[in-house]
Amino acid sequence: MFGIYELTKTDPKSLQERALKLSEEAGELAQAVLSVTNAPGSAYKNHSIDDVREEAVDAAIVALSLLAHTTETREEFENELHRLMIGKCAKWSEKISPRRDLPE
Ligand SMILES: [Mg+2]
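Heads up: these notes are all about the structure in this document. What you see is a predicted model, and the numbers here were worked out from it, not measured in a lab.

1. Things to note about unusual backbone geometry
Then comes step 1: The phi dihedral of Asn38 is positive, around 55°, even though this residue is not glycine.
Then comes step 2: Among the structural elements, Asn38 can be located in the loop between helix H2 (15–36) and helix H3 (49–69).
Then comes step 3: Positive phi, close to 60°, is recorded for Asn46, a residue that is not glycine.
Then comes step 4: With respect to the helices, strands and loops of the structure, Asn46 is situated in the loop between H2 and H3.
Then comes step 5: Accessibility expressed as a relative area gives 68% for Asn46, which makes it exposed.

Written as structure tokens, this is what we have:
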């Protein structure tokens, strides 16, 4: 089965094109969320929570293809993804549950 790395290396899009595509998918996700939460002016679009899920995954796939674009091998892609996810999630965790043993 083709994974994100292989699909990225088969698809000739440039880094700039992938970044623009991510922006497009982020817009679609925003539109679905605005619709599903009945935001003023957006409720008529009639999206469902399934649309929100699909657009979230579209955005995630394009974001991962940006990472894949910058790597030379599947192993490098997977190692970088793992390393960065661990580090970024740790930072996120610190933000939402700050250590209490440090002075303010
Ligand atoms: Mg989409």
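2. Some remarks on the pattern of salt bridges
Then comes step 1: Taken as a whole and assessed by the stated rule, the structure comprises 7 salt bridges.
Then comes step 2: Here Lys21 makes a salt bridge to Glu24, at a shortest N to O gap of 3.2 Å. You can see Lys21 and its partner Glu24 sitting in helix H2, 3 residues apart, about one turn around the helix.
Then comes step 3: Residue class for Lys21 comes out partly exposed when judged on its relative accessible area of 28%.
Then comes step 4: Relative accessible area serves as the criterion here: at 41%, Glu24 is assigned to the partly exposed category.
Then comes step 5: The residue Glu80 makes a salt bridge to Arg83 at a minimum N-O spacing of 2.8 Å. Of the two residues, Glu80 and Arg83 are both situated in helix H4 (residues 74–96); the distance of 3 residues between them amounts to about one turn of the helix.

About the thresholds
Residues numbered from 1 in each chain as written. Predicted model: local features only at pLDDT ≥ 70, side-chain atom pairs only at ≥ 80, totals over all residues. Heavy atoms only, no water. Helix = DSSP H or I, 4+ residues; strand = E, 2+ residues; numbered from the N terminus. Buried < 20%, exposed > 50% of the residue type's maximum accessible area, 1.4 Å probe, protein only. Salt bridge = Lys/Arg side-chain N within 4 Å of Asp/Glu carboxyl O.

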